[in-house]
Amino acid sequence: AALLPDDPASSTAFTGKRFTLRYPVAFRVTRAESDRGSYEDTTILDPANPSRLLRVDVSPHAAPGSPRANAAAVVAGLRRQPGYRELDLGDVSFLGHRALRWEFVVREGATLVHKVDIFFRDRKGNGWAVLFQAPDAQWQVARNPLGGAVASLRLSP
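Notes on the structure in this doc start here. (Residues numbered from 1 in each chain as written. Predicted model: local features only at pLDDT ≥ 70, side-chain atom pairs only at ≥ 80, totals over all residues. Heavy atoms only, no water.)

Thoughts on the environment of R55
Positionally, R55 belongs in strand β5 (residues 49-59). When the C-alpha positions of R55 and F14 are compared, they lie 12 Å apart, and in sequence the two are 41 residues distant. Non-local contacts of R55, meaning those with residues more than four positions away in its chain, are made with D41, T42, T43, A129, V130 and L131. Polar contacts involving the side chain of R55 include one to the side chain of T43, which spans 3.2 Å. (Helix = DSSP H or I, 4+ residues; strand = E, 2+ residues; numbered from the N terminus. Contact = heavy atoms within 4.5 Å. Polar contact = N/O pair within 3.5 Å; in protein donor to acceptor, adjacent residues only side chain to side chain.)

What follows is the structure, encoded as structure tokens:
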């Protein structure tokens, strides 16, 4: 079942300084806008299966340029990983911003993990990377709730 952004029975709200979103009730926030040097990381994962997670990274004052250009180094790095398989890399609109949507499968330890990463730059000049992932074997069940969480993302004014 898809996660409904306004459904408190199936989701919990996260409210941060830069954004809000709803996430599956079983998930837990393990990092909330944690300073990682050049970016702030919010990670929300399923404690029963830490490979099922949402991550929102914000880079204040990101370099100007297209989302594709800004994501190029990350994409190139992962393309060299063993077990990497690219499923989609395309320009999209996300929350009214030009964005890059990247879908791929990559091995992490013994687990093949299916990921979708969305890169964009907001009108304030912040760079965003919004990731959701689950083990590839669970992707068909996990993608709707995780994708619904990402769809609930709202940037703070």
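Looking at helix α2 (residues 139-151)
Over its 13 residues, α2 extends 17 Å from the first C-alpha to the last, a length consistent with the 18 Å expected when each residue adds 1.5 Å. Buried within α2 are the following residues: W139, A142, L146, G148, A149 and V150. Considering only its buried residues, α2 is in contact with β2 (19-24), β5, β6 (85-94), β7 (97-108), β8 (111-121) and β9 (127-135). (Expected span 1.5 Å × (residues − 1). Buried < 20%, exposed > 50% of the residue type's maximum accessible area, 1.4 Å probe, protein only.)

A look at the packing of aromatic side chains
According to the stated counting rule, one finds nine aromatic pairs in the structure shown. Aromatic pair F14 and F19: ring centres 5.2 Å apart, planes at 35°, arrangement tilted. Of the two residues, F14 and F19, both sit in the buried class. Here the aromatic cluster, defined as three or more aromatic residues joined through ring pairs, consists of F14, F19, F94, F120 and W128. (Phe/Tyr/Trp six-rings, centres within 6.5 Å; stacked < 30°, edge-to-face > 60°.)

Topic: the pairing of strand β3 (residues 28-35)
A regular strand places its side chains so that they alternate between the two faces of the sheet. Relative to strand β4 (residues 40-46), β3 runs antiparallel, the two being bridged by five bridges. Its bridge partner lying in β4, R31 is registered against T43. Where β3 folds back on β4, the antiparallel hairpin that results is connected by four residues, among which G37 adopts a positive phi of roughly 100°. (Pairing = 2+ DSSP bridges.)

With respect to the sheet that holds β7
Pairing is antiparallel across the open sheet formed by seven strands, whose spatial order is β3-β4-β5-β9-β8-β7-β6. Of all strands in the sheet, those bounded by a partner on one side alone are β3 and β6. On average, each strand axis in the sheet is tilted by 15° relative to the strand beside it, whichever way the strands run. Pairing of β8 with β9, which is carried by nine bridges, proceeds in the antiparallel orientation. (Axes fitted to C-alpha atoms, helices over the stretch in contact; angles between N-to-C directions.)

Some details on the sheet that holds β2
Strand order in the open sheet formed by three strands is β1-β2-β10, and the pairing between neighbours is antiparallel. Each edge of the open sheet carries a strand with a single partner, namely β1 (11-15) and β10 (154-155). Bridge analysis of β2 against β10 gives two bridges, and the strand direction is antiparallel. Along β10, the bridge assignment pairs F19 with L155.

Some remarks on the pairing of β4
Burial of β4 is extensive: seven of the seven residues sit out of reach of the surface. The two faces of β4 match: E40, T42, I44 and D46 on one face and D41, T43 and L45 on the other face are all buried. For β4 and β5, the ladder comprises seven bridges, and the chain directions are antiparallel. Directly across from I44, in β5, lies its bridge partner L54. Counting the residues in the hairpin turn of β4 and β5 gives two residues.

With respect to the layout of surface pockets
Empty space within the largest pocket amounts to approximately 520 Å³. For the lining of the largest pocket, the residue count by class is 16 nonpolar, three polar and five charged. (1 Å grid on protein atoms, 1.4 Å probe; cavity = no way out; pocket = protein on both sides within 12 Å on 5 of 7 lines; lining within 4 Å. Points joined across faces, edges and corners; volume = space filled by probe spheres on them. Nonpolar A, V, L, I, M, F, W, Y, C, P; charged D, E, K, R; others polar.)

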